[in-house]
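For reference, the chains in residue letters:
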Protein chains: 2
Amino acid sequence: MSKEITSREQDYSQWYNDLVIKGSLADYSAVRGCMVIKPYGFALWENMRDALDKMFKDTGHVNAYFPLFIPKSFLSKEAAHVEGFAKECAVVTHYRLMNDPNGGGIVVDPEAKLEEELIVRPTSETIIWNTYKDWIQSYRDLPILVNQWANVVRWEMRTRLFLRTAEFLWQEGHTAHATPEEAIAETRQMLEVYATFAEEFMALPVIRGVKTESERFAGAVDTYCIEALMQDGKALQAGTSHFLGQNFAKAFDVKFLSKENQLEYVWATSWGVSTRLIGALVMAHSDDDGLVLPPKIAPLQVVIVPIYKGDEQKAQIGAKADEIMKGLKALGIRVKYDDNDNARPGWKFAEHELKGVPVRLALGARDLANNLVEVARRDTKAKESISLDGVVEHIEKLLVDIQQSMYNKAAAYREEHITKVDSWEEFEKVLDEKGGFVSAHWDGTAETEDAIKEKTKATIRCIPLNNTQEDGKCILTGKPSKERVLFARAY
Amino acid sequence: MSKEITSREQDYSQWYNDLVIKGSLADYSAVRGCMVIKPYGFALWENMRDALDKMFKDTGHVNAYFPLFIPKSFLSKEAAHVEGFAKECAVVTHYRLMNDPNGGGIVVDPEAKLEEELIVRPTSETIIWNTYKDWIQSYRDLPILVNQWANVVRWEMRTRLFLRTAEFLWQEGHTAHATPEEAIAETRQMLEVYATFAEEFMALPVIRGVKTESERFAGAVDTYCIEALMQDGKALQAGTSHFLGQNFAKAFDVKFLSKENQLEYVWATSWGVSTRLIGALVMAHSDDDGLVLPPKIAPLQVVIVPIYKGDEQKAQIGAKADEIMKGLKALGIRVKYDDNDNARPGWKFAEHELKGVPVRLALGARDLANNLVEVARRDTKAKESISLDGVVEHIEKLLVDIQQSMYNKAAAYREEHITKVDSWEEFEKVLDEKGGFVSAHWDGTAETEDAIKEKTKATIRCIPLNNTQEDGKCILTGKPSKERVLFARAY
Ligand SMILES: [Zn+2]
Ligand SMILES: [Zn+2]
């Protein structure tokens, strides 16, 4: 193998880093906590972004762009929002540099101090609701269904590529409505959009739920989420959709004249997913040989590797590969012919496995003579020799099959790792030995939630939507409970 | 009219602002110098971005993403680059906020001061070349053909929506090559991509040229540009493509092992266009009634306005409109049926004119009875009644015709406003009375260029590519010259 990958068993965390870096998705940068998203990783993000963007537009949303900077005073306006976000932010205090009068390169010009500091957006509710004040006068201006694709900055002290970085890319939807019913319907619609995207494009089964009060977004009335399970048994929040009530409308004084001619505060939602999803994708599907990417969003779906000696064989194989490529491209399949002379087939096989290309064709001179081609699928590593007649249709079906198999495998793993427990002893044992989601009764108080977190590092990931109602006793306090919630250790 | 637009004659600058703001493209924000790009303006940008992105990919480029922040010390590394960019930047000095101990909202935590200040990228050459150092070892790693779509910040004191804002959106290509020939070919290829985009998509004729030394990008060996002409006779630089030589490779010590086994510095290019192009688009084509947008990038290409009394007529017209919409959509044409009951047809006509929708159909009950529909084109304001049979094909052709007419009109205006002059008196007179490009001899020195700029505010926009060589005398100094250059007052 060209690039050594740490195995999951050996060091799960290093395995993840190896995949991201050696798989050419991203790398650390010279700026603490900020990553460089490399072309291969960015192509993956583009496929994810484009699929999501289409789903947003199909549900009536439009894109817009708001300023990168937020005046410091804006963050003071919504009390709960400050609590959650004000702490770790990049703060712009000056607007000019100058040559060091002592000749030491360049320095910040002390004269160019801003009157009010600007915060690099950690999220845009405040600047957007300050803008919506100008956009909304009457019920005729509602709903506003706007999304923004943007970079945001949260000054994290402990960072991990994609999972937690100081700067990341995301989309943030910010909608405004005349009624709470409509806003709640929007919140849940977008949760469903996220769940559908995760399941259909990322092959990632998710649990749809609602957060407890202590896990809610700062400033939200309700936070809905989708939760996914990683191969190490830890959960990962893959998207959130918030019903914000009238909190931001009140903070920024955004009222509308209703049909009944009353001045009322506007109802709000916000919802977002980020490049963190790439981290989830890597950890959910990959193996010790590298990335395993779902065909629907893989930058490259098929690679063809020629195996030849001499120019004559190379030309013959090249001609056949051209024909196959033409057929695949006509179906919109992303394919590459890897005829790089500087690498041997074995090296190429390992490289494409590392990068998670779903299907590899190996085309040799003997194959060609027998009208055969070797087809290898990345997810199961299964190989078969098939006739060159109908190879294009075979691959088209195979890609669909791989997408479905990957989902099924992840779903089976997830099902196997939702464990009902009814005692504290069991609860700790499952968390420590099996991992995954633990479905348990809880007395509904933040105190108990905190105590459990302190003892086990497990948090309540969510209260699943359409949760079964049943009588039980809190695993920690023994107090009565009406439903189980899902606990897990999480990213 | 619903929204009053200042005429060009009355106040050109206010006319431009009215179009941008009342035409729903963008607006000022609460942050000095930063704009909000509204959904309609952003849809226009998306169409421009997608067309450009496709052209970049068709010429072998891939996208990536680099950090928003640049360590201050990086800007000191390339001397000429500092000179051009170090001055007006947003500087991040702190990474945490805290609750004011005196209860006055939130304040910057003085303990959380960065050891080295971070600059919000004004352009990314430095951070990218610092990264390329890790990516490039041998000639096999070259060329690197990377583009980034990003926001950048330049702390401009005098801002104008789209034309000059503190934050703007752009793309920046950064390529690395083994030879100067290849890098220069890339620089010129991208200039041609920009020119083709401006002419074919924006209907904006441009002059391809090269900048004089004083107008070069900071750190470039050569800056190529496309220059467009606005309706007030001022020029606007619509895109630049820089051959950077080995300047950044030397500053960041990026060497490669050549085929001949020699360690050599890498050759670089960078090229970019920004949301400034939207300003150019507005000023090149629009009129006193509002925006005039070229069909290829217009967010909405066709709008259908029903004219009816009562529900029965509305239903009949709606059914016919549905049929037309289906036909147009099948051809990929962006169409909207404006059946808003709260506005009268006259108001809608004015609104769609203001927003520059290329084609408007008015469909009334009498028209329907006669199997007719009224088709109005935005660019010439011409109206005609045509048969409903074949309306879809008619519109398809009409959109092509409008695109071409808009280009022709702008090209004719531009041709009429390139004036050859051979004396200083003429030079000043043309600049003051006619405007446009002035083609004149210049002695080739930066001193003369400066003197002309001081006297007239005109700058050398470019030395056109494939410029005619002819003997002449500098209009200011009378010294000998071998070719004419293009002067203009510019945005
Ligand atoms: Zn297990
Ligand atoms: Zn004229």
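Residues numbered from 1 in each chain as written. Chains lettered and ligands numbered in written order. Predicted model: local features only at pLDDT ≥ 70, side-chain atom pairs only at ≥ 80, totals over all residues. Heavy atoms only, no water.

The name that an unreviewed UniProt entry assigns to chain A is Proline--tRNA ligase, with the source organism given as Flavisolibacter ginsengisoli DSM 18119. Chain A has a UniProt comment under Function (unreviewed entry) that states "Catalyzes the attachment of proline to tRNA(Pro) in a two-step reaction: proline is first activated by ATP to form Pro-AMP and then transferred to the acceptor end of tRNA(Pro)." UniProt, in the comment section headed Sequence similarities (unreviewed entry), describes chain A in these words: "Belongs to the class-II aminoacyl-tRNA synthetase family. ProS type 3 subfamily." (UniProt positions renumbered as here; feature names shortened; annotations may be inferred.)

S.K.: For this particular structure, what's the right way to read the side chain of B:Q148?
M.R.: As for its position among the elements, B:Q148 is in strand 9 (residues 144-153). Its relative accessible area of 0% is what places B:Q148 among the buried residues. (Helix = DSSP H or I, 4+ residues; strand = E, 2+ residues; numbered from the N terminus. Buried < 20%, exposed > 50% of the residue type's maximum accessible area, 1.4 Å probe, protein only.)

S.K.: Which parts of the structure should I look at to understand helix 13 (residues 424-433) of chain A?
M.R.: Residues spaced three or four apart along an α-helix point in a common direction, a consequence of the helix completing one turn every 3.6 residues. All names here are of chain A. Looking only at helix 13, the buried set comprises W424, F427, V430 and L431. Viewed end-on, helix 13 has its buried residues packed into an arc of 130 degrees, placing them on one side of the element. Seen from the open side of helix 13, the exposed residues pointing more than 90 degrees away from its buried face are E425, D432 and E433. For helix 13, the elements touching its buried residues are strand 22 (418-420), strand 23 (437-441), helix 14 (446-456) and strand 26 (480-488). (Arc of directions from axis to C-beta. Contact = heavy atoms within 4.5 Å.)

S.K.: Mind showing me how you'd approach the relation of the copies chain A and chain B here?
M.R.: Both copies of the chain are placed relative to one another by a rotation about an axis and a shift along it. Superposition record for chain A on chain B: RMSD 0.0 Å, screw rotation 180 degrees, translation along axis 0.0 Å. With respect to symmetry, the two chain copies, as superposed, fit the operation of a two-fold axis. Taking the C-alpha atom as reference, chain A places A:V92 closest to the rotation axis, 2.1 Å from it. Interface residue correspondence from chain A to chain B reaches 100%, placing this contact among same-surface, isologous pairings. (Least-squares fit on C-alpha atoms with pLDDT ≥ 70 in both.)

S.K.: Is there a simple way to think about the interface of chain A and chain B in this case?
M.R.: How large an interface is tends to be reported as the accessible area lost when its parts come together. Across the boundary between the two partners, chain A contributes 64 residues, which contact 64 residues of chain B. Across the chain A/chain B interface, buried area totals approximately 5200 Å², and carbon plus sulfur atoms make up 67% of it. By the criterion of area lost to chain B, the three top residues of chain A are A:Y65, A:L97 and A:I106, representing 13% of everything that side buries. Run the count over chain A and chain B and you get two salt bridges. Ionic pairing is found between B:E46 and A:K57, a salt bridge with its closest N-O pair at 3.1 Å. The tally of links between chain A and chain B comes to 30 residue pairs in polar contact (both at pLDDT 80 or more). Residues that form the side of chain A that touches chain B fall into these classes: 40 nonpolar, 11 polar and 13 charged. Sheet topology note: the strand 5 (residues 91-94) of chain A/strand 5 (residues 91-94) of chain B ladder contains three bridges and is antiparallel. (Buried area = accessible area lost by both parts, 1.4 Å probe. Salt bridge = Lys/Arg side-chain N within 4 Å of Asp/Glu carboxyl O. Polar contact = N/O pair within 3.5 Å; in protein donor to acceptor, adjacent residues only side chain to side chain. Nonpolar A, V, L, I, M, F, W, Y, C, P; charged D, E, K, R; others polar. Pairing = 2+ DSSP bridges.)

S.K.: I tried to follow the side chain of B:T419 on my own but got confused; where do I start?
M.R.: For B:T419, the location among the structural elements is in strand 22 (residues 418-420). In contact with B:T419, not counting residues within four places along its chain, are B:V430, B:K434, B:F437, B:V438 and B:S439.

S.K.: What's the story with the sheet that holds strand 20 (residues 372-377) of chain A in this structure? I'm lost.
M.R.: Within a sheet, each strand pairs with its neighbour through backbone hydrogen bonds, oriented either parallel or antiparallel. Residue and element names in this part refer to chain A. The strand order across the open sheet formed by five strands is 18-17-19-20-21, and the pairing between neighbours is mixed. Each end of this open sheet is capped by a strand with a single partner; those strands are strand 18 (335-337) and strand 21 (383-387). Between one strand axis and the next, the sheet turns through 25 degrees on average, direction left out of account. As paired strands, strand 17 (residues 302-307) and strand 19 (residues 359-364) are joined by six bridges and run parallel to one another. Residue pairing in the sheet places V302 in a bridge with V359 of strand 19. The strands that helix 9 (residues 310-330) touches are strand 17, strand 18 and strand 19; relative to strand 18, the one it contacts most, it runs at about 170 degrees. Set on the sheet, helix 12 (residues 391-416) makes contact with strand 17, strand 19, strand 20 and strand 21; between it and strand 20 the angle comes to about 10 degrees. (Axes fitted to C-alpha atoms, helices over the stretch in contact; angles between N-to-C directions.)

S.K.: Even after reading the chapter, I still don't get the packing of helix 1 (residues 12-22) of chain A against helix 8 (residues 276-285) of chain A, so can you show me in this structure?
M.R.: In a packed pair of helices, the relevant descriptors are the angle between the two axes and the axis-to-axis distance. Residues and elements named next belong to chain A. The geometry of helix 1 relative to helix 8 is characterised by a closest axis approach of 11 Å and an angle of 115 degrees between their N-to-C directions. Every pair of crossing elements has a handedness; the one defined by helix 1 and helix 8 is right-handed. Together, Y12, W15, Y16 and L19 of helix 1 and G279, V282 and M283 of helix 8 make up the contact between the two elements. Among the residues making up the contact of helix 1 with helix 8, the classes are represented as six nonpolar, one polar and no charged. (Left-handed = near helix turned anticlockwise from the far one by under 90°.)

S.K.: Would you take a moment to explain the pairing of strand 25 (residues 469-473) of chain A for this structure?
M.R.: Within a regular strand, side chains alternate between the sheet's two faces. Residue and element names in this part refer to chain A. Here three bridges tie strand 25 to strand 26, and the two strands are oriented antiparallel to one another. In the strand pairing of strand 26, G472 is matched with S481. What sits between strand 25 and strand 26 in their antiparallel hairpin is a turn of six residues, with G478 showing a positive phi close to 75 degrees.

S.K.: Hey, could you run me through the confidence of the model for chain A in this one?
M.R.: Atom-level detail of predicted coordinates should not be read off regions where pLDDT is low. Residues of chain A with pLDDT of at least 70 account for 99%, and the chain-wide mean is 96. For this predicted complex, the interface score ipTM comes out at 0.96, while the overall pTM is 0.96. (pLDDT = per-residue confidence, 0-100.)

S.K.: Would you explain the pairing of strand 13 (residues 235-245) of chain A in this entry?
M.R.: Residue and element names in this part refer to chain A. Along strand 13, 10 of the 11 residues are buried, which leaves the element largely enclosed by surrounding structure. Where strand 12 (residues 222-229) folds back onto strand 13 in an antiparallel hairpin, the turn is made up of five residues, including G233, whose phi is positive at roughly 85 degrees. Alignment of strand 13 against strand 16 (residues 267-274), held across five bridges, turns out to be antiparallel. By the bridge assignment for strand 16, S241 is matched with W271.

S.K.: Even after reading the chapter, I still don't get the packing of helix 9 of chain A against helix 12 of chain A, so can you show me in this structure?
M.R.: Residues and elements named next belong to chain A. Direction vectors running N to C along helix 9 and helix 12 enclose 45 degrees, while the axes themselves pass 9 Å from each other. Taken together, the axis directions place helix 9 and helix 12 in an arrangement best described as oblique. Crossing handedness for the pair helix 9 and helix 12: right-handed. Contact with helix 9, carried on its side by I324, G327 and L328, involves V391, V392 and I395 of helix 12 and no other residues of that element. Looking at side-chain class alone, the contact of helix 9 with helix 12 contains five nonpolar, one polar and no charged residues. (Parallel < 35°, antiparallel > 145°, perpendicular 65-115°, else oblique.)

S.K.: Any chance you could explain the sheet that holds strand 4 (residues 69-71) of chain B here in plain terms?
M.R.: Ordered by their spatial adjacency, six strands build an open sheet running 4(A)-8(A)-5(A)-5(B)-8(B)-4(B), and the pairing between neighbours is antiparallel. Edge positions in the open sheet fall to strand 4 (69-71) of chain A together with strand 4 of chain B, since each of these has one partner strand only. Neighbouring strand axes in the sheet, compared pairwise and without regard to direction, differ in orientation by 45 degrees on average. Looking at chain direction, strand 5 of chain B and strand 8 (residues 113-120) of chain B are connected through three bridges and run antiparallel. Directly across from B:V91, in strand 8 of chain B, lies its bridge partner B:I119.

S.K.: Please explain the domain arrangement of chain A as it appears in this structure.
M.R.: Residue and element names in this part refer to chain A. Taken as a whole, chain A is organised into domain 1 (2-70 + 125-285), domain 2 (302-401) and domain 3 (418-488). The straight-line distance from the C-alpha centre of domain 1 to that of domain 3 is 26 Å. Contact residues are listed per partner, giving 18 residues for domain 1 and 17 residues for domain 3. Interface area lost by domain 1 to domain 3 is led by I207, T212 and E215, which between them contribute 34%. Scanning the region where domain 1 abuts domain 3 turns up one salt bridge. If you look at where domain 1 meets domain 3, you find seven residue pairs in polar contact (both at pLDDT 80 or more). Elements with a minimum of two residues in the side of domain 1 that touches domain 3: helix 6 (180-200), strand 11 (207-210), strand 12 and strand 13. Considering every element that reaches the side of domain 1 that touches domain 3, the biggest residue donor is strand 12, with five residues. Class assignment of the residues belonging to the side of domain 1 that touches domain 3 gives a composition of eight nonpolar, five polar and five charged. (Domains from an automatic or database assignment.)

S.K.: Whenever I open this one, unusual backbone geometry confuses me. Can you help?
M.R.: For residues besides glycine, phi is generally negative; the peptide bonds are generally trans as well. Residues and elements named next belong to chain A. The omega torsion across L142 and P143 is -10 degrees, close enough to zero to call that bond cis. Within the fold, P143 resides in the loop between helix 5 (125-135) and strand 9 (144-153). A positive phi is found at F162, a non-glycine position, where the angle reads about 70 degrees. Position of F162 relative to the elements: it lies in the loop between strand 9 and strand 10 (167-177). With relative accessibility at 2%, the residue F162 sits in the buried group.

S.K.: I'm lost on the pattern of salt bridges in this one. Help?
M.R.: Applying the stated criterion across every chain, the model contains 56 salt bridges over all chains. Across the pair A:K57 and A:D53 runs a salt bridge, and its minimum N-O distance is 2.8 Å. Highlighted residues: A:K57 and A:D53, both in helix 2 (residues 39-58), separated by four residues, approximately one helical turn. Here B:K133 makes a salt bridge to B:D253, at a shortest N to O gap of 3.4 Å. Here B:K133, found in helix 5 (residues 125-135), pairs with B:D253, found in the loop between helix 7 (247-251) and strand 14 (255-257); they are 120 residues apart in sequence, far enough to count as distant. When salt bridges that share partners are traced, they join A:E46, B:D53 and B:K57 into one network.

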